[in-house]
Amino acid sequence: MIKGLYETHIEVENLERSIDFYKNTLGLTQCHYEEARRIAFFWIGEAQSAMLGIWEKPVGQVAKRHFAFRCTPDDILQHSVQFLKDRNLKPYNFLKNGSDEPMVFAWMPAIAIYFNDPDGNSLEFIAILEGEAKPELGVVSYEQWMAQT
């Protein structure tokens, strides 16, 4: 019955700042706004295929969350890091080698890069890679992944 994730919500301290971030920095399409409830909604990708809701909470009461945007492997490999840097966002990964390049979760396998929104929510660009999963590799650079395939 379940075929995918349609909607997720996060909390933010300043709704207008977050609307600006998700609309103008990331380029999502705002589809709804309710001043009284202090909430805004954005389409992710094609309209009506997936949605993000952002809810304003009082300062200090925001529970930080994580979610990932589905991308193509080429977009992550060729464009994601520069996309983030062009928008003054700091890309990061879990390689612990000082690199800001995408990494591969070999158990999926998927290539990903992380960044934060203005409230410290952990956001991710991720794409499933072709090929067989290799969980024994853990988290590796794309170059290490390609050397193992």
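As shown above, the structure is provided for reference.
Residues numbered from 1 in each chain as written. Predicted model: local features only at pLDDT ≥ 70, side-chain atom pairs only at ≥ 80, totals over all residues. Heavy atoms only, no water.

Considering the environment of Ile-10
Operational definition: Strands here mean DSSP runs of E at least two residues long; helices mean DSSP runs of H or I at least four residues long; both are numbered from the N terminus. Note on contacts: a residue pair qualifies if any of its non-hydrogen atoms lie within 4.5 Å across the two residues.
Within the secondary structure layout, Ile-10 lies in strand S1 (residues 7-12). Taking the C-alpha atoms as reference points, Ile-10 and Asn-121, 111 residues apart in sequence, are found 7.9 Å from one another. If near-sequence neighbours (up to four positions away) are discounted, Ile-10 is found in contact with Tyr-22, Leu-52, Gly-53, Ile-54, Trp-55, Arg-65, Phe-67, Asp-117 and Asn-121.

Quick look at the pairing of strand S4 (residues 51-56)
Inclusion rule: Strand pairing is defined by DSSP finding a minimum of two bridges between the two strands.
Of the strand pairs in this sheet, S1 and S4 are connected by six bridges, and their pairing is parallel. Opposite Glu-11, over in S4, you have Trp-55 as the bridge partner. Bridge analysis of strand S3 (residues 39-43) against S4 gives five bridges, and the strand direction is antiparallel. Note that in S4 the partner of Ile-39 across the bridge is Trp-55.

Some remarks on the nonpolar core
Keep this limit in mind: To qualify as a nonpolar core, a set must consist of buried Ala, Val, Leu, Ile, Met, Phe, Trp, Tyr and Cys residues joined through side-chain atoms within 4.5 Å. Working definition: with a 1.4 Å probe on protein chains only, accessible area under 20% of the residue-type maximum means buried, over 50% means exposed, and in between means partly exposed.
Judged by nonpolar contacts, the single largest core of 31 residues is most densely connected at Tyr-22, Leu-26, Leu-52, Ile-54, Phe-69, Phe-115 and Leu-123. When residues of this core are traced back to their parent elements, those giving at least two are S1, helix H1 (15-25), S3, S4, strand S5 (66-70), helix H2 (73-86), strand S7 (110-116) and strand S8 (122-128). Here the element with the most residues in this core is H1; it accounts for four residues. Among residues more than four places away in sequence, those in contact with Tyr-22 are Ile-10, Gly-27, Leu-28, Phe-42, Leu-52, Ile-54, Phe-67, Asp-117 and Leu-123. The next biggest cluster of nonpolar side chains, apart from the first, holds seven residues, and it includes Met-103, Phe-105, Ala-112 and Tyr-114.

Quick notes on the sheet that holds strand S2 (residues 29-34)
Which entries qualify depends on this criterion: For helices, the fitted axis covers only the stretch in contact; all axes are lines through C-alpha atoms, and the angles between them, taken along N-to-C directions, range from 0 to 180 degrees.
Read across the sheet, four strands follow the order S1-S4-S3-S2 without closing on themselves; strand pairing throughout is mixed. A strand with exactly one partner marks an edge of an open sheet, and here the two such strands are S1 and S2. Between one strand and the next, the sheet's axes are offset by a mean angle of 20 degrees, whatever the strand orientation. Across the sheet, H1 is in contact with S1, S2, S3 and S4; its angle to S4 comes to roughly 160 degrees.

What about the sheet that holds strand S9 (residues 139-141)?
With mixed pairing, five strands are arranged side by side in an open sheet as S5-S8-S7-S6-S9. The open sheet is flanked by S5 and S9, the only strands paired with a single partner. Along the sheet, successive strands turn relative to each other by an average axial angle of 35 degrees, direction set aside. Relative to S8, S7 is paired through seven bridges, and the arrangement is antiparallel. In the strand pairing of S8, Ala-112 is matched with Ile-126. H2 contacts S7 and S8 of the sheet and is inclined by roughly 15 degrees relative to S7.

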